[in-house]
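Okay, here's what each chain looks like letter by letter:
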Amino acid sequence: MSAVTPARADAPGAARTRALRPRSAAGALVLLGVVMAVALVAAVAIGAAGLPLREVVAALAGAGDDTTRAIVRDLRLPRALLAAMTGGALALAGAVFQALLRNPLAEPYVLGVSGGAAVGAVAAIVLGIAALSPWVVPVAALAGALAAIAIVFRIAAAAGRMLDTRVLLLAGVIVGAFFNAVILLLLTFAEAESFRSAVFWMMGSLSGASWSTAALLAVYLLPAGVLLLGLARPLNLLAVGEETALHLGVRVERVKLVAYFVASLLVAASVAACGVIGFIGLIIPHALRLAWGSDHRFLLPASLLAGAAFLLVADTAARTLAAPAELPVGVITALIGVPVFVLLLARRRV
Amino acid sequence: MAATVAAACGGDRLSERAATPAAITVTDDVGREVRLAAPAARVVSLLPAATDAILALDAADRLVARTDYDTHPALAPLPSVGGGLTPSIEWLAALQPDLVISWRDAQSRTLVQRLDELGIPVYAANPESVADAERLIRQVGRMLGLDARADTLVAAFRAVLEGVRRRLDAADADTRSVLYLISVDPPRAAGPGTFVDELITAAGGRNVFDDARALWPEVSLEEVVRRQPDVVVLGVAGADARTLARFETAPGWREVRAVREGRIVAVDTDLFNRPGPGLASAVVQLAAILHPDLFSPEPTP
């Protein structure tokens, strides 16, 4: 377990962190960047319409017939970008939550963000207001996610010291359980049609991708990503222990507040854009730690790249495996992610 | 038919259509205006009820795709989009349809918006009642430029209903109470406001759950036993003799007199569960089930 949890001073993981030479970390980042770029190209090149590569390239350059141009530039490209950003955002948030909560099971949805978003979205669908505009569900999901964040932090604050890790985790779990009950209650009264829509939403899908959703997520991701990547060093120290970090000059409370808040907002935005997509935020950071160690100066950008590549591949599979029908991408992320992770775990030599 | 489809391919393109003024404008079930420059010639229908309407309008050659639920032999050569609930938008766009008929729900709402942005007209429908079914037939007829045929179809449907009603009135037939199930486990029945509820009334019956609060309420077995319907109708896909036999031994269900005495039937869901032109045959079949002495039973296909 020790190599899975972020490095401790006395654990073998720490030795490996020290052994992680900048050059190998940089090499790994370059490798992940290349993989991400290849996945991005593949996501644009491959699709249910089965366009020849030549036509895809022509369409990107602005040539070719209207339909092909529309498919490549208005459907595939924004969807690929949204997939890359969502995957990156979830993996980055997962790595941050794992460091903050010092818990290997932490993931982006651990503080109830997904539950709150789902209550918002499902309520909008079941109450019938979702049919009014395509923006109702994302807005309701975002509102639900923000409400969940507010409730969880309020509970944690009420229980004593602000941002106590254990209290936060507990608050996240109980608020998540409560939201779950609300969702089930809403679904009990749902008509068959809205029931179906709600379940599809909860499985997560990128089929709603457009230039406007991609742009909206980019607006969140750019500042949030920069802020979180900038917290790599304090997160390294926090992962060792809050006391230690405090002694080493980290303004613990402020770092935690910023990191929790920014990561939660990022997750809320991604859930609003494409529903709840599981496993990426849990597995990607762990897989990277297993492969290259747990220095957050490496882990955070690597999570961003690897998460992006992973969701691009998963969504390309979701779009094409059962074409012309689409599979829920959350199913694919779990189906690919879990075996790969088990393989990594089995190969681990400590 | 392949030749007709190929001939239709040469027609309009996305950009041309945007420029030409709309010749046909209809309002769909979410209140959007659907504008077509010309009668739709390349249609994708994700709604089996709408597909049935197009078949009944004798316009199968306008369809360029089908769903897995559209099993009519005339549609067999067409590519299937699958279940029709989560279609690939780019696959639909590649077919270059000039009309897509889609569901109205939230999931489909994004589909409608994406296709809208691509300049492909989408009609979102959500037929729940017999009036909705008639409206769907008329609207589809208008979009295909087959208004007169659609009017004839609706008139014929009303004539069938009228014929059944007159025969019931003439014989002063008793009203039979009916439990119509669309799912067995958990039991889910047709509620008030649904086309099935209207179907039951038209066929000389009364829906035992006409007081339910939902359109398709989940009902408790206890309540079914208490209400003792005269007839149980299974509108459940894939229900057969074995399903019926299981009812007779199932705890709870065997307390229902209709089940014990064999007044439980499975009906063709392609006909009964689609608020489209098939409802005419469905009414006649249901009338024969409820009043076998008045109506000669038609064999289910």
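Our subject is the structure that appears above.
This section reports on the structure supplied with the text. (Residues numbered from 1 in each chain as written. Chains lettered and ligands numbered in written order. Predicted model: local features only at pLDDT ≥ 70, side-chain atom pairs only at ≥ 80, totals over all residues. Heavy atoms only, no water.)

Points about the pairing of strand β1 (residues 24-27) of chain B
All names here are of chain B. The condition is simple: Think of it in three bands: with a 1.4 Å probe and only protein chains considered, a residue is buried below 20% of the maximum accessible area for its type, exposed above 50%, and partly exposed in between. For the purposes of this entry, the term helix denotes a DSSP run of H or I that reaches at least four residues, the term strand denotes a run of E that reaches at least two, and both are numbered from the N terminus. Think of it this way: DSSP has to see at least two bridges between two strands before they count as a pair.
Residues I24 and V26 line the buried face of β1, whereas the alternating positions T25 and T27 sit on a face that is not buried. Both β1 and strand β2 (residues 33-36) contribute to a ladder of 4 bridges, which runs antiparallel. Note on β2: the bridge partner recorded for V26 is V34. What sits between the antiparallel neighbours β1 and β2 is a turn of 5 residues, in which G31 has the positive phi angle 85°.

Concerning the nonpolar core
Where a protein is soluble and globular, its nonpolar side chains tend to be buried together. For clarity, the cut-off: Working definition of a nonpolar core: buried Ala, Val, Leu, Ile, Met, Phe, Trp, Tyr and Cys residues. They are joined through side-chain atoms within 4.5 Å. Every residue pair with non-hydrogen atoms within 4.5 Å of one another is taken to be in contact.
Counting 131 residues, the largest nonpolar core has F97, W201 and Y260 of chain A as the members making the most contacts within it. Excluding anything up to four places from it in sequence, F97 of chain A contacts R102, A106, E107, P108, L111, Y260, A263, S264 and V267 of chain A. Within the second largest apolar cluster, 30 residues are counted, among which are L36, A40, I101 and M143 of chain B.

Overview of the packing of helix α14 (residues 296-320) of chain A against helix α15 (residues 329-347) of chain A
When two helices pack together, their arrangement is given by the angle between the helix axes and by the axis-to-axis distance. Residue and element names in this part refer to chain A. We apply this condition: The angle between two axes is taken between their N-to-C directions and runs from 0 to 180 degrees, where each axis is a line fitted to C-alpha atoms and a helix contributes only its stretch in contact. For any pair of crossing helices, the crossing counts as left-handed if the nearer helix is rotated counterclockwise from the farther one by less than a right angle, and right-handed if it is rotated clockwise. Three residue categories are used. Nonpolar comprises Ala, Val, Leu, Ile, Met, Phe, Trp, Tyr, Cys and Pro, charged comprises Asp, Glu, Lys and Arg, and polar comprises the others, including Gly.
Contact pair α14 / α15: the axes reach a minimum separation of 9 Å and the direction vectors enclose 120°. With respect to the hand of their crossing, α14 and α15 are arranged in right-handed fashion. Of the residues in α15, those in contact with F310, L311, A314, D315, A317 and A318 of α14 are V329, I332, T333, I336 and G337. For the contact of α14 with α15, the per-class residue count stands at 8 nonpolar, 2 polar and 1 charged.

A short note on the packing of helix α6 (residues 130-143) of chain B against helix α7 (residues 147-171) of chain B
Residue and element names in this part refer to chain B. Short version of the rule: Angle categories: roughly parallel below 35 degrees, roughly antiparallel above 145, roughly perpendicular from 65 to 115, and oblique for all the rest.
Contact pair α6 / α7: the axes reach a minimum separation of 7 Å and the direction vectors enclose 160°. One way to sum up the angle between α6 and α7 is to call them roughly antiparallel. The interaxial crossing formed by α6 with α7 has right-handed handedness. For the pair α6 and α7, contact is made by V130, E134, I137, R138, G141 and R142 and by D147, A150, D151, L153, V154, F157 and R158, respectively. For the contact of α6 with α7, the residue count by class is 6 nonpolar, 1 polar and 6 charged.

Some details on the pattern of salt bridges
Residues and elements named next belong to chain B. Put simply, the rule reads: When a carboxyl oxygen of Asp or Glu lies within 4 Å of a side-chain nitrogen of Lys or Arg, that pair is called a salt bridge.
What the rule picks out here adds up to 29 salt bridges over all chains. Of the charged contacts in the structure, one is a salt bridge between R165 and E162, with a shortest N-O distance of 2.9 Å. Placement of the pair is R165 and E162 together in helix α7, with a separation of 3 residues, close to one helical turn. We classify R165 as partly exposed; its relative accessible area is 41%. R166 is the partner of E162 in a salt bridge, and the nearest nitrogen-oxygen pair spans 3.6 Å. Here E162 and its partner R166 are both found in helix α7, 4 residues apart, which amounts to about one turn of the helix. Taking relative accessible area as the criterion, E162 reaches 29% and is therefore assigned partly exposed. Relative accessible area serves as the criterion here: at 53%, R166 is assigned to the exposed category.

Looking at the interface of chain A and chain B
Often the size quoted for an interface is simply the accessible area lost on bringing the parts together. Between chain A and chain B, the residue contacts involve 34 residues of the former and 32 residues of the latter. Along the contact surface separating chain A from chain B lie 2 salt bridges. When contributions to the side of chain A that touches chain B are tallied by element, the ones reaching two or more residues are α4 (66-101) and α8 (192-203) of chain A. Here the element with the most residues in the side of chain A that touches chain B is α4 of chain A; it accounts for 7 residues. Of the residues contributing to the side of chain A that touches chain B, the split by class is 18 nonpolar, 7 polar and 9 charged.

Describing the packing of aromatic side chains
Each aromatic ring pair is characterised by the separation of its centres together with the angle its planes make. To keep it simple, the criterion reads: Between rings of Phe, Tyr and Trp, where Trp is taken as its six-membered ring, a pair exists when centres lie within 6.5 Å; planes separated by under 30 degrees are stacked, by over 60 edge-to-face, and by other angles tilted.
For the coordinates displayed, the defined rule picks out 7 aromatic pairs over all chains. Centre to centre, the rings of W292 of chain A and F298 of chain A are 5.9 Å apart; their planes meet at 70°, and the pair counts as edge-to-face. Owing to a relative accessible area of 3%, F298 of chain A belongs among the buried residues under this scheme. Ring geometry for F195 of chain B and W216 of chain B: centres 6.0 Å apart, planes at 65°, overall edge-to-face.

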